[in-house]
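Residue-level structural notes
Given next are the chains, with one letter for each unit.
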Amino acid sequence: MASPWKDARGVIVSTTPTLEGRPIQEYCGIVTGEVIVGANLFRDMFAGIRDIVGGRSGSYEQAIQELQAEAAALGGNAVVGIDLDYEVIGPNGSMLMVSASGTAVRV
């Protein structure tokens, strides 16, 4: 079972379409969060270390925080069905765009 995650705003986020034991009362709309970061040698090196020793990607967390803020602005207290994606953009693939999307709901 997927574990929902909650931040200081109290907006629950989950990749699942529902939250067990928390029926959806209202659908508030689709929400998104995007972050663009520059790629460089040091960042890539430290990301590789993070993959080995564990940790979380700050870019994904920033995109999720934007998504949570948008959901709260729509009156939602949870986001379900979250999809995380990334795209290499810019000349020579010098930037990384991280995006998160989901459905804001009130449970």
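Treat the numbers as computed from the prediction; the structure is a model and nothing was measured.

What counts, and where the lines are drawn
- Sequence positions are assigned chain by chain, starting from 1 and proceeding in written order.
- In keeping with the model being predicted, local features are shown solely for residues with a pLDDT of at least 70 and side-chain atom pairs are shown and tallied solely at 80 or more, while totals for entire chains, interfaces and linings include all residues.
- Working from all heavy atoms in the structure, the side-chain values ignore hydrogens and water.
- Strands here are runs of E lasting at least two residues and helices are runs of H or I lasting at least four, both read from the DSSP assignment and numbered beginning at the N terminus.
- Remark: exposure states derive from per-residue accessible area (1.4 Å probe, protein chains only) relative to the maximum for the residue type, with buried under 20%, exposed over 50%, and partly exposed in between.
- We call two residues contacting when some pair of their heavy atoms lies within 4.5 Å.
- To be clear on the numbers: accessible area is Shrake-Rupley with a 1.4 Å probe, and residue cover counts the displayed protein chains and nothing else.
- Side-chain atoms within 4.5 Å link the members of a nonpolar core, which is a set of buried Ala, Val, Leu, Ile, Met, Phe, Trp, Tyr and Cys residues.
- Known as pLDDT, the predictor's per-residue confidence is scaled from 0 to 100.

A tally of regular secondary structure across the chain gives two helices and five strands. Mapped from its N terminus to its C terminus, the chain presents α and β elements in the order β-β-β-α-α-β-β. Within the chain, buried positions represent 27% of all 107 residues. Nonlocal contacts in the chain, meaning residues at least 24 apart in sequence, comprise 74% of its contacts between residues at least 6 apart. In the form shown here, the chain has an accessible surface area of approximately 6,700 Å², with 55% of it arising from carbon and sulfur atoms.

In a soluble, globular protein the nonpolar side chains are often hidden away together inside. Grouped together as the largest cluster of nonpolar side chains are 15 residues, with contacts concentrated most on Val13, Val31, Leu67, Ala71 and Val79. Those elements giving two or more residues to this core turn out to be strand 3 (26-38), helix 2 (58-73), strand 4 (78-89) and strand 5 (95-106). Residues Leu19, Ala78, Val80 and Val105 belong to the second largest nonpolar core, which totals six residues.

With that settled, consider the environment of Arg106. On the secondary structure map, Arg106 appears in strand 5. Each C-alpha atom of the pair Arg106 and Ala71 lies 9.3 Å from the other, and the pair is 35 residues apart in sequence. Those residues within four positions of Arg106 in sequence are excluded, and the remaining contacts are Pro23, Ile24, Gln25, Glu26, Cys28, Gly75, Gly76 and Asn77.

Overall, the prediction assigns the chain a mean pLDDT of 79, with 73% of residues at 70 or greater. The element-level mean pLDDT for the chain is lowest in helix 1 (residues 41-53), coming to 51, with strand 2 (residues 12-13) highest at 93. Scored below 50 in pLDDT, residues 51-56 shows four contacts in the model against residues more than four places distant or in partner chains.

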